[in-house]
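Tertiary structure, described
In case you want the letters, here they are:
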Amino acid sequence: NWVSGGTTWNREHTWPNSKGLAGSDENDIMMLRPTVPSENGSRGNKAYGVSSGYHNPGESVHGDCARIALYVYVRWGNASFMWGSAGVIENLEILLQWMEEDPVDTWEMGRNDAVQSVQGNRNVFIDYPELAWILFNEEIPDDMVTPSGEAKNGSGTSTSAPDDTPTETPT
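Residues numbered from 1 in each chain as written. Predicted model: local features only at pLDDT ≥ 70, side-chain atom pairs only at ≥ 80, totals over all residues. Heavy atoms only, no water.

Trp15, Leu70, Met82, Ile89 and Leu95 are the most contacted members of the largest nonpolar core, which totals 29 residues. Of all the elements in the fold, those that place two or more residues in this core are helix H2 (62-76), helix H3 (92-101) and helix H6 (131-135). Considering each element in turn, this core owes the most residues, eight residues, to H2. If sequence neighbours within four positions are ignored, Leu95 has contacts with Ala66, Leu70, Met82, Trp83, Ile89 and Phe136. (Core = buried A, V, L, I, M, F, W, Y, C linked by side-chain atoms within 4.5 Å. Buried < 20%, exposed > 50% of the residue type's maximum accessible area, 1.4 Å probe, protein only. Helix = DSSP H or I, 4+ residues; strand = E, 2+ residues; numbered from the N terminus. Contact = heavy atoms within 4.5 Å.)

In structure tokens form, the structure reads like this:
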């Protein structure tokens, strides 16, 4: 915290430390996000999701959370902690739904660029969110908007993402 008393922001892991982080992966800034302390406290170590007992961070950051979770899952091999209430996200259906409903925006792309300038790597699921469907052998949505414009071999997609800044921060 910058200031005590919960009147400011803190940084928190989008993928909780208690769900398999250790060593280098714990220091990966791709998953560190600014959070409001009260929001972070209400989440605790709950997995992201929509059912009872899960934490719903808000629609404007659903895709952000899903893409970060998928990045950690692939980059750091935390497969045993991915799904269900003991994991990071409720299930594959929610992950893909959130990624589709909250497409990559310019804020998220800018953050990906900033992380690369500091850490030297990118979240491929921001640059190419369609890879999530390919990874899990699922049909890529026909009307999916991606920064790359490569979903469905470029048919039915836009080459630019919506220009919006999230109103809520993932915790």
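Once you've had a look at it, read on.
What follows covers a nonpolar patch on the surface. There is a patch of nonpolar side chains on the surface, built from Val124, Tyr128, Leu131 and Ile134 and spanning about 320 Å² of accessible area. Of note, Leu131 is situated in helix H6. (Patch = residues over 30% accessible without salt bridge, like charges linked within 9 Å, V, L, I, M, F, W, Y side chains within 5 Å. Areas by Shrake-Rupley, 256 points an atom, 1.4 Å probe, with all protein chains shown as cover. Salt bridge = Lys/Arg side-chain N within 4 Å of Asp/Glu carboxyl O.)

With that settled, consider the side chain of His62. In this structure, His62 sits in helix H2. On the basis of relative accessibility, which here comes to 6%, the residue His62 falls in the buried class. What His62 contacts, discounting residues up to four positions off in sequence, is Asn56, Pro57, Trp98 and Asp102.

So, on to a negative patch on the surface. A cluster of acidic side chains, namely Glu59, Glu100, Glu101 and Asp143, defines a negative patch on the protein surface. Since its relative accessible area comes to 55%, Glu101 is described here as exposed. (Lys, Arg positive; Asp, Glu negative; His and termini not counted. Charge placed at Lys NZ, Arg CZ, Asp CG, Glu CD.)

Turning our eyes to something else, we now look at the packing of aromatic side chains. Going through the model one piece at a time under the given rule, you end up with three aromatic pairs. Measuring from ring centre to ring centre gives 5.9 Å for Trp83 and Phe136, while their planes differ by 70°; the resulting arrangement is edge-to-face. Of this pair, Trp83 sits in the loop between H2 and H3 while Phe136 sits in the segment after H6; the two residues are 53 residues apart in sequence, bridging distant segments of the chain. Residue classification places Trp83 among the partly exposed positions, given a relative accessible area of 30%. Through a chain of ring-to-ring contacts, three or more aromatic side chains come together here, namely Tyr73, Trp83 and Phe136. (Phe/Tyr/Trp six-rings, centres within 6.5 Å; stacked < 30°, edge-to-face > 60°.)

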